[in-house]
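# Survey of secondary and tertiary structure
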Amino acid sequence: MVSAILTGLLMGIAFGAVLYKVGAVRYSRIMGMLTLTDTKVMKFAFMSIATGCILYGLAGVFGVANQWGVVPRVMPYLGPAHIVGGVLFGAAMGSTGLCPGTCVARTGGRGGDTKFTGLASIVGLVLGIVVYNASKNWMVDAGIIAGQQKPVTLYGLLGLPYEAVALAFGGVILAITFTVDRVTPEKAYKAEHERKSVVDWVRGEWSWAFSGFAAGVLIVLATAQDGYLGFSGAALATVGVGADLVGAPLSSVPVINESIAWRAALLVGVLPGGFLAAKLSLKSEAAVTSGPVVKTMNPKAVGRFFVAGFGMSLGAMIGGGCTTGAFLAAWPTLSIGSFVMAGTFFVVSMAVSNLRMRSLKIFDIDQLQLVGDRVYD
Amino acid sequence: MKKHVRVFLAVFVAALALGYIGLRSDNADLEQKIAAHKAKKATAAADDSDDDDDDDDGDAE
């Protein structure tokens, strides 16, 4: 149990640091991705998926997948639950730019210029889990969540071996990534001083290529530990452990075993991961020039982050995963359910972010980036 | 494209090539599955073509 907690914690710290260092915790970067004005985080995600596909595929080709424990775990196909969950999750992501993992890493890194938004999103996240746990049976009875969950995969549909399809899919994703890099913009935030040494490069914002590779390696390493790098499942495990500790175990997490402990530690580790990455990082030139960030209280923003935290965890639980669990870690497994879930939440989050910013007349990505540069958001 | 990104691209392309060689070398099971997949596609295409012919006949009538 102790080793499961320690390895989960280390994985969480590492992944939280990657999310922070690539800028996936920044509102300006996520809104940039959803409006196609700054595609760094999109390239990071695609690179991570390509890395996962190639590593799992090569392990299979050379016959070491079983020996090393890197046989991908396939997310089951949940039918309409992917659409219902994807819409909920996408709406939350489109309004705040967060997902379960980044909301914890952002809270750890203390980015932004508003007080209590990170805390509000985490409280919302916990509430979403509690509501899911209480309504799961009803949703199964109502046909929203499939009672009989089957792992439907692309390679299964094609009747081909996993390794062949994973390598081909990895190649396609890689080609898309480098094409996106060639044809779309990426915002560069200038560091407080020119980066010369290796230490400077490590302390500055990391490139999408390196971060995506690191995230892909961590996803495969998680599989090798008999775990799964997904934060909605990790949030469920964390709330389950908390509920068990206060003597009111959740029906969705009836027993606390090593797997649950690993997942809970994974999410908990993201918090110090984001914190350490922020503490050890170079500041931006704009942040140094403008001085220390004075955080203000904005009740509307706190309310929005709370509702978004609630919506994203409930949506992820219904639809079978979040941006990490149903996209970064799931697409390399070639699960059809993850294609439907991630496809739905990306379409919805793009629509919501564009409509929200245009209707509120705040569609000004340059302004977002100016503020984001100053306050790391 | 930045220099380190080119390095990543080169490494990934090499890894894919390695995977391809590994897949196609002495892998009878894979060859069998690919052949079955191709046969299945050909059968489906032939069925579609038959359906189209039927439609054409219907239109002609």
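Residues numbered from 1 in each chain as written. Chains lettered and ligands numbered in written order. Predicted model: local features only at pLDDT ≥ 70, side-chain atom pairs only at ≥ 80, totals over all residues.

## Focus: the overall build of chain A
Short version of the rule: Strands are runs of DSSP state E lasting at least 2 residues, helices are runs of H or I lasting at least 4, and numbering of each runs from the N terminus. Radius of gyration: C-alpha atoms only; globule rule: 2.2 Å multiplied by the number of residues to the exponent 0.38. In this description, a residue-residue contact is defined by the distance between C-beta atoms placed from the backbone, which must lie within 7 Å.
A count of helical and extended segments in chain A gives 18 helices and zero strands. Taking 377 residues into account, the globule formula puts the C-alpha radius of gyration at 21 Å, and chain A, at 20 Å, falls close to it. Taking the principal axes of its C-alpha atoms as reference, chain A extends roughly 55 × 45 × 45 Å. Put simply, of all contacts in chain A between residues at least 6 apart along the chain, 85% involve residues at least 24 apart.

## Thoughts on the overall build of chain B
Test applied: Any residue surrounded by 20 or more other C-beta atoms within 10 Å of its C-beta is treated as buried, while 12 or fewer makes it exposed and the intermediate range makes it partly exposed; C-beta atoms here are placed from the backbone.
Broken down by element type, chain B carries two helices and zero strands. Across the 61 residues that make up chain B, the buried fraction comes to 10%.

## Some points on the confidence of the model for chain B
Residues and elements named next belong to chain B. Our working rule: Per-residue confidence from the predictor is reported as pLDDT, a score between 0 and 100.
Summarising the model, chain B shows a mean pLDDT of 77, and 79% of its residues fall at 70 or more. With pLDDT under 50 throughout, residues 56-61 is counted as low confidence; its partners more than four residues away or in other chains account for zero contacts. Scored by ipTM, the complex comes to 0.81, with pTM at 0.89.

## Observations regarding the packing of helix α3 (residues 40-61) of chain A against helix α1 (residues 3-24) of chain B
Spelled out, the test is: Orientation is described by lines fitted to C-alpha atoms, with helices fitted over the stretch in contact, and by angles between N-to-C directions that extend from 0 to 180 degrees. Should an angle fall under 35 degrees it is taken as roughly parallel, and over 145 as roughly antiparallel, whereas 65 to 115 is taken as roughly perpendicular and any remaining angle as oblique. Note on convention: the crossing is left-handed when the near helix lies turned anticlockwise from the far helix by less than a right angle, right-handed when the turn is clockwise. Residue polarity follows a fixed list, in which Ala, Val, Leu, Ile, Met, Phe, Trp, Tyr, Cys and Pro are nonpolar, Asp, Glu, Lys and Arg are charged, and the others, Gly among them, are polar.
Running from N to C, α3(A) and α1(B) point in directions that differ by 30°, and their axes come no closer than 10 Å. Accordingly, the angle class assigned to the pair α3(A) and α1(B) is roughly parallel. Where α3(A) crosses over α1(B), the handedness of that crossing is left-handed. Touching A:A50, A:I54, A:G57, A:L58 and A:V61 of α3(A) are B:F12, B:A15, B:L16, B:L18, B:G19, B:G22 and B:L23, all from α1(B). For the contact of α3(A) with α1(B), the per-class residue count stands at nine nonpolar, three polar and no charged.

## Some thoughts on the nonpolar core
All names here are of chain A. To keep it simple, the criterion reads: Nonpolar core, as used here: buried Ala, Val, Leu, Ile, Met, Phe, Trp, Tyr and Cys residues forming one set through C-beta atoms within 7 Å.
In this structure, A50, C53, I54, L218, A264, L267 and M312 are the most contacted members of the largest nonpolar core, which totals 128 residues. Take this core: its biggest share by element is 15 residues, from α3. Among residues more than four places away in sequence, those in contact with M312 are F89, A92, M93, L98, C99, P100 and C322.

## With respect to unusual backbone geometry
Residues and elements named next belong to chain A. A positive phi angle, near 65°, is found at D226, a position not held by glycine. Locating D226 in the fold gives a position in the loop between α11 (208-224) and α12 (231-245). On the basis of neighbour counts, which here come to 13 C-beta atoms within 10 Å, the residue D226 falls in the partly exposed class. Even without glycine at this site, L334 takes up a positive phi of about 60°. Along the polypeptide, L334 turns up in the loop between α16 (324-328) and α17 (336-359).

## With respect to α3(A)
All names here are of chain A. Basically, it comes down to this: By this rule the span expected of a helix is its residue count minus one, scaled by 1.5 Å.
With 22 residues, α3 ought to run about 32 Å at 1.5 Å a step, and its terminal C-alpha atoms sit 31 Å apart, in line with that. For α3, a buried count of 22 out of 22 residues is recorded, marking the element as mostly surrounded by other parts of the structure. Once α3 finishes, G63 follows within two positions and takes phi at roughly 70°, a positive value.

## Concerning the interface of chain B and chain A
At the interface, 20 residues of chain B touch 22 residues of chain A. Looking at the side of chain B that touches chain A, the elements that each hand over two or more residues are α1 and α2 (28-60) of chain B. Counting residues per element, the side of chain B that touches chain A draws most heavily on α1(B), at 12 residues. Tallied by class, residues from the side of chain B that touches chain A come to 13 nonpolar, four polar and three charged.

## Notes on the packing of α11(A) against α1(B)
Look at α11(A) against α1(B): their axes get within 9 Å of each other, and the N-to-C directions meet at 40°. By the angle between their directions, the pair α11(A) and α1(B) is classed as oblique. Of α1(B), the residues touching α11(A) (which contributes A:A209, A:F210 and A:F213) are B:H4, B:V5 and B:F8. In terms of residue class, the contact of α11(A) with α1(B) is built from five nonpolar, one polar and no charged.

## Concerning the environment of A:A234
Residue and element names in this part refer to chain A. Of note, A234 is situated in helix α12. With 34 residues separating them in the primary sequence, A234 and V268 have C-alpha atoms 8.8 Å apart. Among all residues touching A234, those that are not within four sequence positions of it are R263, A264, L266 and L267.

## Thoughts on the environment of A:V152
All names here are of chain A. Relative to the assigned elements, V152 resides in the loop between α7 (117-141) and α8 (154-158). C-alpha of V152 to C-alpha of V18: the two residues are 134 residues apart in sequence and 30 Å apart in space. Residues in contact with V152, not counting those within four places in the same chain, are Y77, I336 and G337.

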